[in-house]
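Structural overview for review
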Amino acid sequence: MQQLTIFMDIESSRSYIDELYSPNQEKIMDALVTLKNSVIGSNRQKSSVIEQGIVPRLLQLMTDDCLDPNIRLEATITIGSLAKGTPENVASLVDQGTTIVLVELLKIVPTGTRLAEACLCALRSIFQQPPAPISALPADMRLLTRLTQIAREGSPTARACVVRILSIWCSGPIEQEALCAAGACAAVAALLASRGFSSPPLARALPALDLLAAMCFENANVSQVALNTRFGDKTIPELLTTLVSRDKPLAIAMGAARCLTFIHRAGALTADDTRVVFGALPCLARLCTKDMPEDIRATAAETLAYLAEVDTSLQRLAAISNHLMSSLADIVNCPSAAAKQGAFKCFASLGANDEDIRKRIIETHGLMVHVVNGMNNPEPSVRLAAVRCLHSLSRSVQQLRTTFQDHSVWRPLMQLLNDSPGTELLTVGSSTLCNLLLEFSPAKEPMLDQGAVEMLCNLTKRPEAALRLNGIWALMNMAFQAEQKVKQRILCCLGTEQMFRLLGDGDTRVIMKTLGLLRNLLSTRHHIDAIMAEYSSQVMQAVIVVLEGSYPAEVKEQALCILGNIGDGEKAKDLIMANEDVLRKLVDYLAHPESKLQEAALFVAGNLVWRGEAGAAARQARLADLGVLRALKLLRARHDAHHLHEKVKTALAQFNDFT
């Protein structure tokens with residue numbers, strides 16, 4: 001029965017549908033008008049027309065330049081009406097090639113005609129229904145130039161359509177650069193100019209602001225062009241600055257502040273530029289306040305988070321602007337996921353670098369309860385933003401010892417990370433773990449009981465460099481001043497094979513943290529001897545691989561420091577003394593031109609020759625024979641190593657029988 005109902009109207013008017021295929025143009029025109037009127041405002045009729053297979057005929061009528069222009073226009077308007085239907089309707093139109101036909105028409109139809117405007121209206125309706133068929137609009141310079149010309153000179157409807165289409169289409173560097181080359185910045189400037197009004201009309205300004213934001217986002221070249229593009233006597237940033245004032249409509253002020261933010265973050269405006277400090281930032285802080293609509297507050301908070309994300313001066317300024325802290329705390333309580341996400345991100349940015357700001361955030365209206373609740377939110381975007389906020393706040397030593405412990409934030413975090421999270425959440429969450437596992441954090445012990453070691457070792461095997469880095473970094477923090485059983489657990493779980501793989505990693509930071517882990521494992525004399533008794537060959541091999549390899553100086557420095565730690569062991573130092581190859585390398589590094597490597601080699605030598613320990617005399621004699629004593633004397637004589645002279649003097653003093 002339902003199928004019959006859907007097709008009832010269309011079947012009862014089958015005669016005018018048939019006349020769409022008539023050779024008589026008057027009959028075609030009448031049929032099109034009837035069809036157009038039947039689908040306006042009715043999704044049911046739209047679905048019926050599409051499912052009856054009429055779309056290909058409409059596309060044919062649109063493109064036949066032998067037909068009466070009014071027929072082509074009516075067919076295009078009807079397609080545009082169908083494109084305002086359900087998502088399924090739009091998907092069907094796209095599948096039948098409607099977007100491609102519209103784009104091809106726009107290449108050849110005169111720009112000032114009603115047919116061009118109808119094509120643009122239909123294309124806008126299709127593009128506004130996600131996912132937009134972006135690939136159907138090529139980065140063709142002639143076409144883009146035509147479209148930007150319409151944006152500057154077309155009818156109000158045509159201009160609004162073009163700018164909305166292009167703002168959706170502009171999804172990456174290729175589209176950004178193509179639009180810039182086609183003159184889109186000049187078109188945007190013309191659209192943003194007031195021209196005698198207090199502000200440009202919403203229908204004109206909002207799509208233009210969206211397009212400008214899309215073009216400038218993370219694109220230094222386009223942002224620089226926008227910085228220098230003028231309409232009349234005003235540049236685009238100056239036009240934007242007039243639009244962020246209190247007397248402008250909220251949506252326009254929000255869009256203008258967003259554009260200034262993107263232009264700044266792309267490097268075209270500095271953090272101390274007045275258009276940022278007195279334009280974008282205070283506008284965004286004002287739009288976060290309680291008397292603003294929730295959607296505006298959500299967007300403003302997220303945009304402010306991006307504006308202040310990397311600059312400490314902007315973070316400090318924002319933190320004291322317009323009661324922002326209390327505004328954000330209120331936004332967290334809003335029901336929408338977008339609002340919670342924006343507030344958490346903004347808190348994360350504000351607390352990224354300044355301990356005083358972090359303290360104020362923590363003290364703001366019980367925020368930690370909201371963060372914990374956010375990590376349990378059903379919306380993935382809210383969970384991710386809450387973890388970002390936690391990561392930012394976890395940089396505070398004081399909060400790690402107090403507030404974080406009071407709220408047991410590690411519990412929901414560990415639960416999230418063990419629940420097959422996405423890569424982005426896993427990256428931010430594991431970065432937070434690195435801080436929670438610092439030696440002074442009370443969360444360290446309970447996290448060990450929850451399988452943190454195993455989870456982190458698994459992270460070191462991930463293909464993403466950021467995850468490998470976070471995994472090994474957190475293990476390094478966990479091993480610092482840890483009990484021997486924890487160190488043994490790390491070594492057992494990670495395995496020496498994986499450690500060697502990490503030492504050959506393509507990311508130098510991963511190698512550094514792997515060596516840092518080894519260094520922390522090999523600390524405290526009885527730990528050193530116990531670990532070396534079991535893993536001596538693997539550890540020595542790892543050190544030799546680095547010292548012989550083409551690694552940067554800071555990596556080799558870490559390897560030498562590991563040797564120095566081994567040299568502090570009661571029995572482990574014999575493993576170094578038994579390896580003549582390592583001892584000869586020690587002589588080489590004492591004479592190395594790199595100061596940090598000289599100092600690290602000096603640390604090794606000092607531990608090996610220290611008097612008063614069993615076998616010291618024999619070690620001193622052997623090292624003297626191999627040239628260590630001579631290398632130390634040469635180092636003492638070097639003027640460019642004067643900062644090491646006291647340490648050299650101490651080491652030489654141990655060789656009392658030889659000097």
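Scroll up to find the structure this text is about.
Before going into details, it helps to say that this report is about the structure given with it. (Residues numbered from 1 in each chain as written. Predicted model: local features only at pLDDT ≥ 70, side-chain atom pairs only at ≥ 80, totals over all residues. Heavy atoms only, no water.)

1. Section: unusual backbone geometry
Geometrically, the link from Pro 130 to Pro 131 is a cis peptide bond, its omega value of -5 degrees lying close to zero. Summarising the element assignment, Pro 131 is placed in the loop between helix H9 (114-127) and helix H10 (141-153). Notably, Asn 322 is not glycine yet its phi reads approximately 50 degrees, a positive angle. Along the chain, the position of Asn 322 falls in the loop between helix H20 (312-319) and helix H21 (324-332). (Helix = DSSP H or I, 4+ residues; strand = E, 2+ residues; numbered from the N terminus.)

2. Description of the nonpolar core
Nonpolar side chains tend toward joint burial in soluble globular proteins. Grouped together as the largest cluster of nonpolar side chains are 236 residues, with contacts concentrated most on Leu 192, Leu 240, Leu 517, Leu 563 and Ile 566. It is helix H36 (residues 525-548) that provides the largest number of residues to this core, a total of eleven residues. With near-sequence residues (within four places) excluded, Leu 517 lies in contact with Ile 472, Leu 475, Met 476, Ala 479, Ile 490, Leu 494 and Met 499. (Core = buried A, V, L, I, M, F, W, Y, C linked by side-chain atoms within 4.5 Å. Buried < 20%, exposed > 50% of the residue type's maximum accessible area, 1.4 Å probe, protein only. Contact = heavy atoms within 4.5 Å.)

3. Let's talk about the pattern of salt bridges
Taken as a whole and judged by the stated rule, the model has 26 salt bridges. Salt-bridge contacts for Arg 275 lead to Asp 273; the nearest nitrogen and oxygen are separated by 2.9 Å. In this structure Asp 273 comes out as buried when scored by relative accessible area, which is 14%. Taking the shortest distance from any N to any O, the salt bridge between Glu 355 and Arg 358 comes out at 3.1 Å. Of this pair, Glu 355 and Arg 358 both sit in helix H23 (residues 355-362), separated by three residues, roughly a single helical turn. (Salt bridge = Lys/Arg side-chain N within 4 Å of Asp/Glu carboxyl O.)

4. With respect to the environment of Ala 465
Following the sequence through the fold, Ala 465 ends up in helix H32 (residues 465-479). Spatially, the C-alpha atom of Ala 465 lies 8.5 Å from that of Gly 506, the residues being 41 residues apart in sequence. Contacts of Ala 465, omitting those with residues within four sequence positions, involve Asp 507 and Val 510.

5. Digging into helix H6 (residues 69-82)
Residues spaced three or four apart along an α-helix face the same direction, because each turn holds 3.6 residues. Taking 1.5 Å of rise per residue, 14 residues should cover 20 Å, and H6 covers 20 Å from first to last C-alpha, within 8% of that figure. Three or more residues of H6 are buried, namely Ile 71, Arg 72, Leu 73, Glu 74, Ala 75, Thr 76, Thr 78, Ile 79, Gly 80, Ser 81 and Leu 82. Packed against the buried residues of H6 are helix H3 (25-39), helix H4 (43-51), helix H5 (55-63), helix H7 (87-95), helix H8 (98-108) and H9. For H6, the N-terminal capping position is held by Asp 68, with its side-chain oxygen 2.8 Å away from the main-chain nitrogen of Asn 70. (Expected span 1.5 Å × (residues − 1). Polar contact = N/O pair within 3.5 Å; in protein donor to acceptor, adjacent residues only side chain to side chain.)

6. Here's the deal with the environment of Val 409
With respect to the helices and strands, Val 409 occurs in the loop between helix H27 (403-407) and helix H28 (410-417). Between the C-alpha atoms of Val 409 and Leu 390, which are 19 residues apart in sequence, the distance is 8.4 Å.

7. Description of the packing of aromatic side chains
According to the stated counting rule, one finds three aromatic pairs in the structure shown. Seen in terms of ring centroids, Phe 262 and Tyr 306 are 5.6 Å apart; in terms of plane orientation they differ by 85 degrees. Their pairing is edge-to-face. You can see Phe 262 sitting in helix H17 (residues 250-265) and its partner Tyr 306 sitting in helix H19 (residues 294-308), a full 44 residues away along the chain. Each member of the aromatic cluster is reached from another via a ring pair, and the members are Phe 217, Phe 262 and Tyr 306. Positioned over the ring face of Tyr 306 is Arg 265, at 4.2 Å from the centre of the ring. We note Lys 513 situated over the ring of Trp 473; from NZ or CZ to the ring centre the distance is 4.1 Å. (Phe/Tyr/Trp six-rings, centres within 6.5 Å; stacked < 30°, edge-to-face > 60°. Lys NZ or Arg CZ within 6 Å of the ring centre and 35° of its normal.)

8. What about the packing of helix H39 (residues 580-590) against helix H40 (residues 595-609)?
H40 packs onto H39 with a crossing angle of 135 degrees between their chain directions and a minimal axis gap of 8 Å. In terms of orientation, H39 lies oblique with respect to H40. The two elements H39 and H40 cross, and the hand of that crossing is left-handed. Counted together, Leu 583, Leu 586, Tyr 589 and Leu 590 of H39 and Leu 597, Gln 598, Ala 601, Leu 602, Val 604, Ala 605 and Leu 608 of H40 form the full contact between these two elements. (Axes fitted to C-alpha atoms, helices over the stretch in contact; angles between N-to-C directions. Parallel < 35°, antiparallel > 145°, perpendicular 65-115°, else oblique. Left-handed = near helix turned anticlockwise from the far one by under 90°.)

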